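# Structural description and commentary
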Amino acid sequence: MEKGKLVMELMVETFPDKIVELDSEIGHVKMIPFGGTVKSDIFNGIIEPCGVDTQVTNQAGVRHMSARYMLTGKDADGNDCHIYLENNAWFTNGERPKPWISTPKFITDSKKLAAYLHTNQFIGEGMRVEEGLRIRYYEVAR
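Keep in mind the model is a prediction, meaning the values are calculated, not measured.

Before going further, it helps to spend a moment on the overall build of the protein chain. Of the regular secondary structure elements, the protein chain holds one helix and nine strands. Counting from the amino terminus, the protein chain carries its helices and strands in the arrangement β-β-β-β-β-β-β-α-β-β. For 142 residues, the compact-globule formula gives about 14 Å, and the C-alpha radius of gyration of the protein chain, at 15 Å, lands near that figure. The dimensions of the protein chain, computed from C-alpha atoms along their principal axes, are 50 × 35 × 30 Å. Scored against the burial criterion, the 142 residues of the protein chain give a buried share of 41%. Excluding contacts between residues fewer than 6 apart, the proportion of contacts in the protein chain whose partners are at least 24 apart in sequence is 49%. Taken as a whole, the protein chain presents about 8200 Å² of accessible surface, with 53% of it coming from carbon and sulfur. Side chains of the protein chain give 17 positive and 20 negative charges; the mean places of these two sets differ by 3 Å.

Let us look at the side chain of Asp75. For Asp75, the position within the fold is in strand β5 (residues 63–75). With no salt bridge to any partner, buried Asp75 finds its closest opposite charge in Lys112, at an N-O distance of 7.2 Å. The residues contacting Asp75, other than those within four sequence positions of it, are Ile42, Phe43, Cys81, Ser110, Lys112 and Leu113.

All right, on to the layout of surface pockets then. As a volume, the largest pocket reaches approximately 440 Å³. Residue lining of the largest pocket: 24 residues in total, with Asp53, Gln55, Arg96, Arg128 and Leu133 positioned closest to the centre. Where the lining of the largest pocket is concerned, the elements lending two or more residues are β1 (3–14), β3 (27–39), β4 (43–58), β5, β8 (122–129) and β9 (132–140). Its residues assigned to classes, the lining of the largest pocket comprises 12 nonpolar, six polar and six charged.

Moving on, we get to the packing of aromatic side chains. Counted under the stated rule, the structure contains five aromatic pairs. Where Phe34 meets Tyr69, the ring centres are 5.1 Å apart and the plane angle is 75°; that geometry is what we call edge-to-face. One end of the pair, Phe34, is in strand β3; the other, Tyr69, is in strand β5, and 35 residues separate them in sequence. A single burial state applies to Phe34 and to Tyr69, both of which are buried. Ring geometry for Tyr116 against Phe122: centres 5.3 Å apart, planes inclined by 85°, an arrangement best described as edge-to-face. Taken as a pair, Tyr116 and Phe122 share a single burial class, namely buried.

In this section: the pattern of salt bridges. What the rule picks out here adds up to five salt bridges. Here Arg136 ties to Glu9 by a salt bridge, and the two come within 2.6 Å at their closest N and O atoms. With Arg136 in strand β9 and Glu9 in strand β1, this pair connects stretches of sequence that are 127 residues apart. Using a relative accessible area of 22% as the deciding quantity, one classes Arg136 as partly exposed. Between Lys112 and Asp77 there is a salt bridge whose closest N-O contact spans 3.6 Å. Here the residue Lys112 occupies a position in helix α1 (residues 111–117), and Asp77 occupies one in the loop between β5 and β6 (80–91), the gap between them amounting to 35 residues. Exposure remark for Lys112: the relative accessible area of 45% places this residue in the partly exposed category.

So, about the side chain of Arg134. Its location among the elements puts Arg134 in strand β9. Comment: no salt bridge for buried Arg134; closest opposite-charge side chain is Glu9, at 4.3 Å. In contact with Arg134, not counting residues within four places along its chain, are Glu9, Leu10, Met11, Glu125, Gly126, Met127 and Val129.

On to the nonpolar core, then. Ranked by internal contacts, the top residues of the largest apolar core, which has 27 residues, are Met8, Leu10, Phe43, Tyr69, Leu71 and Leu117. Setting aside its immediate chain neighbours within four residues, Met8 contacts Val38, Lys39, Ser40, Ile42, Phe43, Leu71, Ile83, Phe106, Ile135, Arg136 and Tyr137.

Parameters and conventions
- In every chain, residue numbers begin from 1 and rise along the written sequence.
- Local features are withheld for residues below a pLDDT of 70 in this predicted model, meaning they are given only at 70 or higher, and side-chain atom pairs are given and counted only at 80 or more; totals for whole chains, interfaces and linings count all residues.
- Heavy atoms throughout the structure, all of them, feed into the side-chain values; hydrogens and water do not.
- Here a helix means four or more residues in a row that DSSP labels H or I, a strand means two or more in a row labelled E, and each is numbered from the N terminus.
- Our radius of gyration is a C-alpha quantity, and the globule rule it is checked against amounts to 2.2 Å times the number of residues to the power 0.38.
- Note on classification: 1.4 Å probe, protein chains only; a residue is buried when its accessible area is under 20% of the maximum for its type, exposed when over 50%, partly exposed between these limits.
- Contacts: residue pairs with any heavy atoms within 4.5 Å of one another.
- Accessible surface area values rest on a Shrake-Rupley calculation with a 1.4 Å probe, where residue burial reflects the displayed protein chains alone.
- For the purpose of charge, His is not counted, nor are the chain termini; Lys and Arg are scored as positive and Asp and Glu as negative.
- Charged side chains are reduced to one point each, which is NZ for Lys, CZ for Arg, CG for Asp and CD for Glu.
- By definition, a salt bridge exists where a carboxyl oxygen of Asp or Glu is found within 4 Å of a side-chain nitrogen of Lys or Arg.
- In the cavity and pocket records, a cavity denotes points on a 1 Å grid over the protein atoms alone where a 1.4 Å probe fits but cannot get out, a pocket denotes an open set with protein on both sides within 12 Å along at least 5 of 7 lines, and lining residues are residues with an atom within 4 Å of a point.
- Grid points are joined across faces, edges and corners, and a volume is the space filled by probe spheres set on the points.
- Under the grouping applied here, Gly and all other residues not named as nonpolar or charged are polar, the nonpolar ones being Ala, Val, Leu, Ile, Met, Phe, Trp, Tyr, Cys and Pro and the charged ones Asp, Glu, Lys and Arg.
- Each pair of aromatic rings taken from Phe, Tyr and Trp, with Trp reduced to its six-membered ring, is defined by centres within 6.5 Å and is described as stacked if the planes are under 30 degrees apart, edge-to-face if over 60, and tilted in the remaining cases.
- Buried Ala, Val, Leu, Ile, Met, Phe, Trp, Tyr and Cys residues form a nonpolar core when they are joined through side-chain atoms within 4.5 Å.

Worth remembering: the numbers are spatial, not functional.
Take a look at the structure:
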């Protein structure tokens with residue numbers, strides 16, 4: 001899949017002192033809490049500080065990253081709204097591509113954004129940058 005138009009950019013702030021991990025004979029689980037900010041032409045606001053990135057690595061070394069979080073802010077019309085995001089990615093053989101590619105799902109209570117965000121036509125791209133973790137969501141190029 002190729003990326004098209006930039007939809008939104010998130011700057012993620014993790015809370016390292018709140019990370020929880022477990023090791024088991026069938027894999028490893030790491031839960032990373034986070035918050036942050038969101039900027040775009042369609043929505044501006046914050047990532048509520050209750051977001052969590054859950055990374056589960058199985059015995060075969062396949063890591064599934066599933067981040068779930070709530071955005072609170074204003075849509076393009078200036079109306080208060082929320083956007084729930086679930087962002088999934090899979091990594092094999094210990095790989096962690098730069099940038100890594102993910103599949104996001106949006107759910108919103110914004111009447112302005114619902115018809116657009118509920119189409120599931122998006123791709124995510126995450127990368128560590130000097131300011132922290134940057135996640136960008138793009139339309140899938142057609």
